[in-house]
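Chain by chain, the residues run as shown.
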Amino acid sequence: MSTPKITIYTPESQVRHPGKMLRAMFKDLALSQDLAWRLAVRDISAQYRQTFLGLAWAFIMPVATTLTWIFLSGSGIISVGATALPYPVYVFTGTMLWSIFMDSLNAPLAMTNASRSMLAKVNFPREALIVAGIYKVLFNGGIKVGLLILALLVVGIYPSWSLLLFPLGLLSLILVGTAIGLFLTPVGTLYTDVGNVIGFAMQFLMYITPVVFPMPKEGWVEILFRLNPMTPLILTTRDWLTGYTPEYWISFILFNVFFLFFLLAVWMIYRVSMPIIIERMSS
Amino acid sequence: MNKTPGTTFDERGEADVLVRVENVSKKFCRSLKKSLWYGVKDIGAELLGKNDHQNESSFLRADEFWALQDINFELKRGECLGLIGQNGAGKSTLLKILNGLLKPDTGRIAMRGRVGALIELGTGFNPILSGRENIYINGSVLGFSKQEIDRKLDAIIDFAEIGDFIDMPVKNYSSGMRVRLGFAVAAQMEPDVLLIDEVLAVGDIGFVLKCFNRMDSLLGNAAIILVSHNMPQVARMCTNLTLMEHGRTIYNSYDIASGLNLYYSKFKAEIGNFTSDGRAFLQEVEISSNGKTSQKDKIFQVEYQNELLIRLTIQLNEPVRDPDLRIYFYDKEQRVFAEASNLHTDFNAALHLQQVSGLLILLAKMPKINFSQGTYSITVALSGKINGQKQVLFRYQSAAYFQVNGTRHGWSPVQFEPTWQRF
């Protein structure tokens, strides 16, 4: 018989042995693949089995937002500066990409909250919830991107070779969304206040990101836009999609590297806080 | 003490010990607001690596209490530990810590081999999806790979006795079918350490027996920890017993029968409600056996197969004809299972009870109390004819308690000991 697995539980904090903790984290990540896939398939098939409009729900919201902004700018209620792309295309690509980001930001907290009873009763690799959330975002995101490319072709914008880089942009949107969402999850599961704040904080973040407004050319607003990590992400991803040359690729790379480490850090926080959270959600 | 905390099993050469729990404590908070705030603080402390048992975690903060305190035990392969105690004793908390869901505040737990937990059946089931899809989900939650489930799928469907329902949404299942499906998946686990929390309390008897058989076959290769309120189940399965009270272990031994006796004696004698219209009262109930008499606020102890005497003092304010006195016996789950009355005996005639009034003292004597080990209560009811009309005069629910001690522990309260003949 091979050496049996020994499980030890002590009150000692895992962060005291970071090396051991990291090994355990990646081991659990590998172990969670099967379960994550199952959970994602479960949620997606259940979601679409109980709707009439089905897949359409993946893009109804961004389409509605786009129409609102086309109306606002077209009617002159709000004057939006000039964009290199036709404005409807600019808004539509922006809101679609933003909605993918928002989906990934909401996923960790939503998955953790939806799995409360499972978390309180079964010891499974908790990473499965995060990964399942990412799978769901990828599925819905895939539908959105398909629609987006279709729409671009219809209006006569043909993507160039840079479309090959577009998935990279998409992944960074999901990376940043997941990292921020996961960061808010531990406290968010304890206090519902967090969920409420996310709603309007993200609304504000969207207005200081070139999603529906073009990049400002001057003043403190421009600095604000530049400091916002979402600016290079949205701009670069949109440029890759529509065949323009990205301007902000340096900050795009820097922010991605930063968020990669940030994700690792918040993943550790998530793991460490899980028993404390479960103690307070026990049913 | 020759136990060195922090060593692994093999260092001590105790190859068959699968679970070792040492000085485990856990604190909980009574107030939700404070508990959430402590939660945020604890997360912070954990991240700074501050948390260790020398300092703050061994003190209680405001509104905190010890949900578990200084729990110690060992379990070997082939042993089944029954974890019993009243609600809130800390059994489920201990099970959650063993399962790695909660972190202990002090102490250490070491387990060897695969740990499986049956705390809830059918975890992760989605009611909209079919039984087959849910088998895969539940199986993954329990740690099976897709290939493993593929291989075991037929066995699971077979075990669950679901038949054609397997491709129907689980929301159309009866609760029994859902439980069967959940257990069928869980039964495929082959753990070294199995944690069970009262999941077998449901389902029809045929299926329950099937579950027991499965657990028996697991027991040979595993160490089982079973949390249950069902004492016959504990008596049948367990090799050791731990009785918990207010988060502490108050009994831990291989002697199951004494542990169960202690458990039963912990039940407070809650005297129930008395209903009467004022024409008759039950003044006193006294239980005795072999010269011992019951005392107030204590559960009377009687040995199995000894005599049991119930003395009733009744005050009748009006003359009653043909009094009909009943003593009902209830078990711990408040199920009535036996009854004694003055009808169908020559009692009324011999004692001139046809018409009575004033103080009436009666003694019912049962020569052999053939009840299974456990706590029982009696309810006394009196009816009779007043002015030619039959009426209920009083009913005293749970008028007195008694506990039967012994080693006889069956599934039902009444135990016959017939003489057998073989042909």
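For the structure, see preceding data.
Values in this document were obtained by computation on a predicted structure and should not be read as measured data.

Caption draft 1: Examining the overall build of chain A more closely. A tally of regular secondary structure across chain A gives 11 helices and 1 strand. The C-alpha radius of gyration of chain A comes to 21 Å, within 12% of the 19 Å expected for a compact globule of 283 residues. Considered along the principal axes of its C-alpha atoms, chain A spans approximately 70 × 45 × 40 Å. Expressed as a percentage of its 283 residues, the buried residues of chain A come to 52%. About 13400 Å² of surface is accessible on chain A, with carbon and sulfur atoms providing 71% of the total.

Caption draft 2: View of empty space enclosed by the protein. Applying the stated criterion to the full structure yields 5 cavities of 30 Å³ or more. Lining the second largest cavity are 13 residues, and of these Val122 of chain A together with Ala117, Glu120, Thr123 and Leu142 of chain B sit closest to its centre. The residue inventory of the lining of the second largest cavity, partitioned by class, reads 7 nonpolar, 4 polar and 2 charged.

Caption draft 3: Representation of the sheet that holds strand S9 (residues 248-253) of chain B. Residue and element names in this part refer to chain B. Across the sheet, which stays open at both edges, the 6 strands sit in the order S5-S6-S7-S3-S8-S9 with mixed pairing between neighbours. Because the sheet does not close on itself, it has two edges, and the strands there are strand S5 (115-118) and S9. If you compare each strand with its neighbour and ignore which way they point, the axes differ by 15 degrees on average. The sheet contact formed by strand S8 (residues 240-245) and S9 spans 5 bridges and is antiparallel. Looking across to S9, one finds that Thr242 is bridged to Asn252. The sheet strands contacting helix H3 (residues 91-98) are strand S3 (80-85), strand S6 (193-197), strand S7 (223-227) and S8, and the helix crosses S6 at an angle near 150 degrees.

Caption draft 4: Focus on the packing of helix H1 (residues 18-31) of chain A against helix H11 (residues 249-281) of chain A. Residue and element names in this part refer to chain A. Interaxial distance between H1 and H11 falls to 11 Å at its minimum, and their mutual angle equals 85 degrees. By the angle between their directions, the pair H1 and H11 is classed as roughly perpendicular. Contacts from Met21, Leu22, Ala24, Met25, Phe26, Asp28 and Leu29 of H1 reach H11 at Leu264, Trp267, Met268, Arg271 and Val272. Taken together, the residues of the contact of H1 with H11 sort by class into 10 nonpolar, no polar and 2 charged.

Caption draft 5: The arrangement of the packing of aromatic side chains in detail. With the rule as written, the count across this model stands at 22 aromatic pairs over all chains. Seen in terms of ring centroids, Tyr207 of chain A and Phe213 of chain A are 6.1 Å apart; in terms of plane orientation they differ by 50 degrees. Their pairing is tilted. Here Phe213 of chain A falls in the partly exposed class, since its relative accessible area comes to 22%. When the centroid spacing of 5.8 Å and the interplanar angle of 90 degrees are considered together, the rings of Phe259 of chain A and Phe262 of chain A count as edge-to-face. With Phe259 of chain A and Phe262 of chain A both in helix H11, this residue pair falls 3 residues apart, about one helical turn. An aromatic cluster is built from Phe329, Phe337, Phe371, Tyr376 and Phe402 of chain B, whose rings are joined through pairwise contacts. For the cation-ring pair, Arg238 of chain A lies above Tyr90 of chain A, with the distance from its terminal atom to the ring centre recorded as 3.6 Å.

Caption draft 6: Geometry of the interface of chain B and chain A. Contact residues are listed per partner, giving 57 residues for chain B and 43 residues for chain A. Carbon and sulfur atoms make up 62% of the area that chain B and chain A hide from each other, which totals about 4400 Å². Applying the counting criterion to the chain B and chain A interface returns 3 salt bridges. Our count for the chain B to chain A interface comes out at 12 residue pairs in polar contact (both at pLDDT 80 or more). Of all the secondary structure elements, the ones that give two or more residues to the side of chain B that touches chain A are strand S1 (17-29), helix H2 (32-47), H3, strand S4 (106-112) and helix H4 (131-141) of chain B. A total of 11 residues in the side of chain B that touches chain A trace back to one element, the largest contributor, which is H2 of chain B. The residue makeup of the side of chain B that touches chain A, split by class, is 25 nonpolar, 16 polar and 16 charged.

Caption draft 7: Structural context of the side chain of Ser99 of chain A. All names here are of chain A. Residue placement: Ser99 occurs in helix H4 (residues 87-114). Looking at Ser99, the relative accessible area reads 13%, which means it is buried. Among the polar contacts listed, one links the side chain of Ser99 to the side chain of Lys144, at a separation of 3.0 Å. Setting aside anything within four residues of it in sequence, one finds Ser99 in contact with Pro62 and Lys144.

Caption draft 8: Local environment of the sheet that holds S1 of chain B. Sheet architecture is open: 4 strands sit in the order S1(A)-S4(B)-S1(B)-S2(B), paired in antiparallel fashion. Taken across any chain shown, the strands that pair with only one partner, and hence form the sheet edges, are strand S1 (6-9) of chain A together with strand S2 (64-76) of chain B. On average, adjacent strands in this sheet sit at an angle of 15 degrees to one another, irrespective of strand direction.

Caption draft 9: Structural view of the pattern of salt bridges. Considering all chains together, one arrives at 29 salt bridges over all chains under this definition. Here Lys27 of chain B ties to Glu64 of chain B by a salt bridge, and the two come within 3.9 Å at their closest N and O atoms. Highlighted residues: Lys27 of chain B in strand S1 and Glu64 of chain B in strand S2, separated in sequence by 37 residues. Three or more residues are tied together by salt bridges with common partners; here these are Glu279 and Arg280 of chain A together with Lys26, Lys27, Asp42, Arg61, Glu64 and Asp105 of chain B.

Caption draft 10: Structural detail: the pairing of S4 of chain B. All names here are of chain B. When you tally the buried positions in S4, you get 7 out of 7 residues, the bulk of the element. Judged from the 5 bridges that link them, S1 and S4 form a sheet pairing that is antiparallel. Of the residues in S4, the one forming a bridge with Arg20 is Ala110.

Caption draft 11: Local environment of the nonpolar core. Counting 113 residues, the largest nonpolar core has Val19, Phe73, Leu98, Ile135 and Ile225 of chain B as the members making the most contacts within it. Here this core gets 9 residues from one element, more than from any other, and that element is H11 of chain A. Here Val19 of chain B is in contact with Phe73, Glu74, Leu75, Leu98, Ala110, Met111, Val193 and Ile225 of chain B, once residues within four sequence places are set aside. Listed in part, the 49 residues of the second largest apolar core include Leu72, Tyr90, Met206 and Leu241 of chain A.

Caption draft 12: Highlighting the pairing of S8 of chain B. Residues and elements named next belong to chain B. Burial analysis of S8 places 5 of its 6 residues in the buried class, which makes it a mostly covered element. Note that S3 and S8 share 5 bridges and pair parallel. Along S8, the bridge assignment pairs Gly85 with Met244. Where S8 folds back on S9, the antiparallel hairpin that results is connected by 2 residues, among which His246 adopts a positive phi of roughly 45 degrees.

Caption draft 13: Region of interest: a nonpolar patch on the surface. Residue and element names in this part refer to chain A. Together, Trp249, Ile250, Ile253, Leu254, Val257, Leu260 and Phe261 make up a nonpolar patch on the protein surface, roughly 760 Å² of accessible area in all. Looking at the element boundaries, Phe261 is found in helix H11. Relative accessible area serves as the criterion here: at 59%, Phe261 is assigned to the exposed category.

Caption draft 14: View of the layout of surface pockets. Residues and elements named next belong to chain A. Its boundaries defined by the atoms lining it, the largest pocket holds a volume of some 2000 Å³. In terms of lining residues, the largest pocket is bounded by 48 residues, among which Lys5, Thr7, Tyr9, Asp28 and Asn123 are the most central. Considering each element in turn, the lining of the largest pocket owes the most residues, 7 residues, to H1. The residue makeup of the lining of the largest pocket, split by class, is 23 nonpolar, 12 polar and 13 charged.

Parameters and conventions
Residues numbered from 1 in each chain as written. Chains lettered and ligands numbered in written order. Predicted model: local features only at pLDDT ≥ 70, side-chain atom pairs only at ≥ 80, totals over all residues. Heavy atoms only, no water. Helix = DSSP H or I, 4+ residues; strand = E, 2+ residues; numbered from the N terminus. Rg over C-alpha atoms; globule rule 2.2 N^0.38 Å. Buried < 20%, exposed > 50% of the residue type's maximum accessible area, 1.4 Å probe, protein only. Areas by Shrake-Rupley, 256 points an atom, 1.4 Å probe, with all protein chains shown as cover. 1 Å grid on protein atoms, 1.4 Å probe; cavity = no way out; pocket = protein on both sides within 12 Å on 5 of 7 lines; lining within 4 Å. Points joined across faces, edges and corners; volume = space filled by probe spheres on them. Nonpolar A, V, L, I, M, F, W, Y, C, P; charged D, E, K, R; others polar. Pairing = 2+ DSSP bridges. Axes fitted to C-alpha atoms, helices over the stretch in contact; angles between N-to-C directions. Contact = heavy atoms within 4.5 Å. Parallel < 35°, antiparallel > 145°, perpendicular 65-115°, else oblique. Phe/Tyr/Trp six-rings, centres within 6.5 Å; stacked < 30°, edge-to-face > 60°. Lys NZ or Arg CZ within 6 Å of the ring centre and 35° of its normal. Buried area = accessible area lost by both parts, 1.4 Å probe. Salt bridge = Lys/Arg side-chain N within 4 Å of Asp/Glu carboxyl O. Polar contact = N/O pair within 3.5 Å; in protein donor to acceptor, adjacent residues only side chain to side chain. Core = buried A, V, L, I, M, F, W, Y, C linked by side-chain atoms within 4.5 Å. Patch = residues over 30% accessible without salt bridge, like charges linked within 9 Å, V, L, I, M, F, W, Y side chains within 5 Å.

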